[in-house]
Amino acid sequence: MNKTIEYKKKGVPRTKKILSKIAIYFLVILVLLIFFIPIYWILTTSLKSSADVFQYSWFFKPTISNYKEVLNKGNFKHCYMNSSLIAILSTLLSIIIGFPTAYALSRFNIKGKDNLAFWILSLRMIPPIVVALPFFIIYIKLGLYDSLMGMILVYVAFNLPFVIWMLRGFIEEIPKEIEEAALVDGCSHKDIIFRVTLPLSMTGISATATLCFIFIWNEFLFALTLTGVGRRTVTVAVYNFIGFTEILWGQMSAASLLVSIPIIIFGILVRKYLVSGLTLGAIKE
Amino acid sequence: MRGRRKEIGLFLGPAVIYLILFTIYPTIYTWYISFRNYSFGENFFVGLNNYRLLIFSDKVFLVSLYNTFFYVVLAVTVEFVLGLAIAMLFNQDLKGKNTALILLMLPMIIPPVVSALTFLMMYDPTLGLPSHLLKVLFSTQGPCWLTDPRWAKLAVISIDVWQWTPFMVLIFLAGLQYISPTIVEAAKVDGANTLQNFFYITLPLLKKIIIIAIIFRTMDAFKAFESIFVTTRGGPGYNTQTMNIYNYLISFNYLKFGKAAALSIIILFMIILFATYLARFLRSE
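Being a predicted model, the structure only gives us computed values, none of them experimental.

### Focus: the overall build of chain B
For step 1, the next point in the chain: If you tally the helices and strands in chain B, you get 12 helices and 2 strands.
For step 2, the next point in the chain: Listing every helix and strand of chain B by position from the N terminus yields α-β-β-α-α-α-α-α-α-α-α-α-α-α.
For step 3, the next point in the chain: For 285 residues, the compact-globule estimate of 2.2 N^0.38 gives 19 Å, and the C-alpha radius of gyration of chain B, at 24 Å, exceeds that figure by more than 25%.
For step 4, the next point in the chain: Looking at chain B as a whole, 41% of its 285 residues are labelled buried.
For step 5, the next point in the chain: Taking the intrachain contacts of chain B between residues at least 6 apart in sequence as the baseline, contacts between residues at least 24 apart amount to 68%.

So this is what it looks like as structure tokens:
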């Protein structure tokens, strides 16, 4: 592609070409700066002592005291544990329930299959706020309020549509012929799923699971309304750094980063699937 | 035949039952309490009274409705325009493009609570960058972005724009890959200028992807919660109060469960209208 463009541009004076290149890089860097500055701001604030927070100087003595204080608050570590447990268990359960459904939706000949798939998709559009209240009332009645079980149940429900649609897309990418060959060789349906489909869709499953983990870890509204002190998650814990009288900016920034780091790592790992994940497979990269 | 039915039930059953129990049932329950005057201590049938009060005699509801549409339309429009522009900028051979894309991806994967808190800091009149820049460059005092009625709406929407423009960029970059450079070259040979190229080649070829991107963004912008709740909680006055925030406040601050449920059903109704359109569109593609 470059060759043709360079060939075309032979007539254009060299200086003009260089200038346009500089302009492009300048714009790219400007865009990146705008999107990165807020994150940079929170990074530096987290490393500033409380006296330095209100200073704009680019040079300051970095300190990890904010991180120490956040981690020494037993509460935060507890919330971190809660979030990890809730996110891991909900993701596992979503995949276990979602995989057979995804398999059936892509491989079986069922009447009304597409309608069922669209019904499942439409559930993803329900705004959490619409069901937060009934969940709250029902959970209080059933004693599920502020419980590990309650949070897992709600997160599985709200991530199943995503998991089913993603896995369905991945399974459809596996050539049917491989499964049919195994069937001819005398494998049972169960064998095919466990020995052929499952191993072949492992990449898809890991990508889906990672995205699912990210969604659950990041979730705020259900965590805010359905947990109390016992099963508070990290997102609510970070939010609680907004105090009634003052905001501890340094500690809040440190906590924000601690909450974001696993998500940033996971996000980079699955960045190839991010777009198709967020559009439920409607757009593939 | 019987065995096959059993098999289908085994594959689809768990997910379908789960989704009915945990998404359909709570929705029906919301519908049920929307006809009741339900709070701690009182619970009796009032018919359509909650709906009547909301629609005909609640000014805050109308303000929230307006704010919601303002938020969704402005945020999605700005994200679309910026996203397309940035995608076009990035759609060429650049050094360090992968790193740049990872940096650009960060705003949309970090927890929304963290982005909201980051901007709570950025828009702080003594602590944030915008006010600092105004002071240094123009030596004027910046406004209190989040508590000034003239700025609050835009400030809150800018958080959404910061978070989700990268989503548009990634989607459009994926789409631009499929536009073969030879078409553009051919048009250039035929004498089309850059602007004509953009409007008569790039835009029509991207049409499907643009529609998908806007649909998904609109759907999610309707769910926006953290960006407002964490920064302004709907204030100053009702300036940034969207239907989601209003719903949260009626449910968990004023504890008027019946009224909140009625509002939930109204929100849900609007989402269903939108989803029907979406399903029709996706099927036609």
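### Here we look at the interface of chain B and chain A
For step 1, the next point in the chain: Between chain B and chain A, the contact holds 71 residues from the first and 72 residues from the second.
For step 2, the next point in the chain: Looking at the side of chain B that touches chain A, the element that brings in the most residues is helix H1 (residues 2-33) of chain B, giving 13 residues.
For step 3, the next point in the chain: Residue composition of the side of chain B that touches chain A, by class: 57 nonpolar, 10 polar and 4 charged.

### Points about the pairing of strand S2 (residues 42-45) of chain B
For step 1, the next point in the chain: Pairing of strand S1 (residues 36-39) of chain B with S2(B) involves 4 bridges; the strand directions are antiparallel. Residue pairing in the sheet places Arg36(B) in a bridge with Phe45(B) of S2(B).

### Here we look at the confidence of the model for chain B
If pLDDT is low for a region, its predicted coordinates should not be looked at in detail.
For step 1, the next point in the chain: Chain-level statistics for chain B give a pLDDT mean of 88 and a share of 98% at 70 or above.
For step 2, the next point in the chain: The ipTM for the predicted assembly is 0.90, set against a pTM of 0.91.

### Observations regarding the nonpolar core
For step 1, the next point in the chain: Within the largest apolar cluster, 150 residues are counted, with the highest numbers of intra-cluster contacts made by Val154(A), Ile164(A), Leu167(A), Val238(A), Leu117(B), Val169(B) and Leu263(B).
For step 2, the next point in the chain: The leading source of residues in this core is helix H7 (residues 148-173) of chain A, at 17 residues.
For step 3, the next point in the chain: When residues of this core are sorted by domain, at least three fall in each of domain 1 (12-66) and domain 2 (68-278) of chain A.
For step 4, the next point in the chain: Setting aside its immediate chain neighbours within four residues, Leu263(B) contacts Leu54(B), Met243(B), Tyr246(B), Asn247(B) and Ile250(B).

### Re the environment of Asn193(B)
For step 1, the next point in the chain: On the secondary structure map, Asn193(B) appears in the loop between helix H8 (181-189) and helix H9 (194-222).
For step 2, the next point in the chain: Sequence separation between Asn193(B) and Asn253(B) is 60 residues; the distance between their C-alpha atoms is 58 Å.

### So, the domain arrangement of chain A
Residue and element names in this part refer to chain A.
For step 1, the next point in the chain: Per the domain assignment, the segments of chain A are domain 1 (12-66) and domain 2 (68-278).
For step 2, the next point in the chain: One C-alpha centre belongs to domain 1, the other to domain 2; they are set 33 Å apart.
For step 3, the next point in the chain: On the domain 2 side, the residues contacting the 10 residues of domain 1 number 10 residues.
For step 4, the next point in the chain: Listing elements by their share of the side of domain 1 that touches domain 2, those giving two or more residues are helix H2 (14-46) and helix H3 (65-72).
For step 5, the next point in the chain: Across the side of domain 1 that touches domain 2, the residue classes break down as 4 nonpolar, 5 polar and 1 charged.

### Quick word on H2(A)
Residue and element names in this part refer to chain A.
For step 1, the next point in the chain: When the terminal C-alpha atoms of H2 are compared, their 46 Å separation across 33 residues agrees well with the 48 Å that a helix rising 1.5 Å per residue should span.
For step 2, the next point in the chain: The largest bend in H2 is about 45°, located at Phe36, with the proline Pro38 one to four residues further on.
For step 3, the next point in the chain: For H2, the set of buried residues is Val28, Val31, Phe35, Pro38, Ile39, Ile42, Thr45 and Ser46.

### Some details on the packing of helix H3 (residues 59-90) of chain B against helix H7 (residues 152-176) of chain B
Residue and element names in this part refer to chain B.
For step 1, the next point in the chain: Viewed as axis vectors pointing N to C, H3 and H7 meet at an angle of 40°, and their least axial separation amounts to 6 Å. Accordingly, the angle class assigned to the pair H3 and H7 is oblique. For the pair H3 and H7, the crossing hand works out as right-handed.

Calculation criteria
- Residues numbered from 1 in each chain as written.
- Chains lettered and ligands numbered in written order.
- Predicted model: local features only at pLDDT ≥ 70, side-chain atom pairs only at ≥ 80, totals over all residues.
- Helix = DSSP H or I, 4+ residues; strand = E, 2+ residues; numbered from the N terminus.
- Rg over C-alpha atoms; globule rule 2.2 N^0.38 Å.
- Buried ≥ 20, exposed ≤ 12 C-beta atoms within 10 Å, placed from the backbone.
- Contact = placed C-beta atoms within 7 Å.
- Nonpolar A, V, L, I, M, F, W, Y, C, P; charged D, E, K, R; others polar.
- Pairing = 2+ DSSP bridges.
- pLDDT = per-residue confidence, 0-100.
- Core = buried A, V, L, I, M, F, W, Y, C linked by C-beta atoms within 7 Å.
- Domains from an automatic or database assignment.
- Expected span 1.5 Å × (residues − 1).
- Bend = angle between axes of the 7 residues up to and from the residue.
- Axes fitted to C-alpha atoms, helices over the stretch in contact; angles between N-to-C directions.
- Parallel < 35°, antiparallel > 145°, perpendicular 65-115°, else oblique.
- Left-handed = near helix turned anticlockwise from the far one by under 90°.

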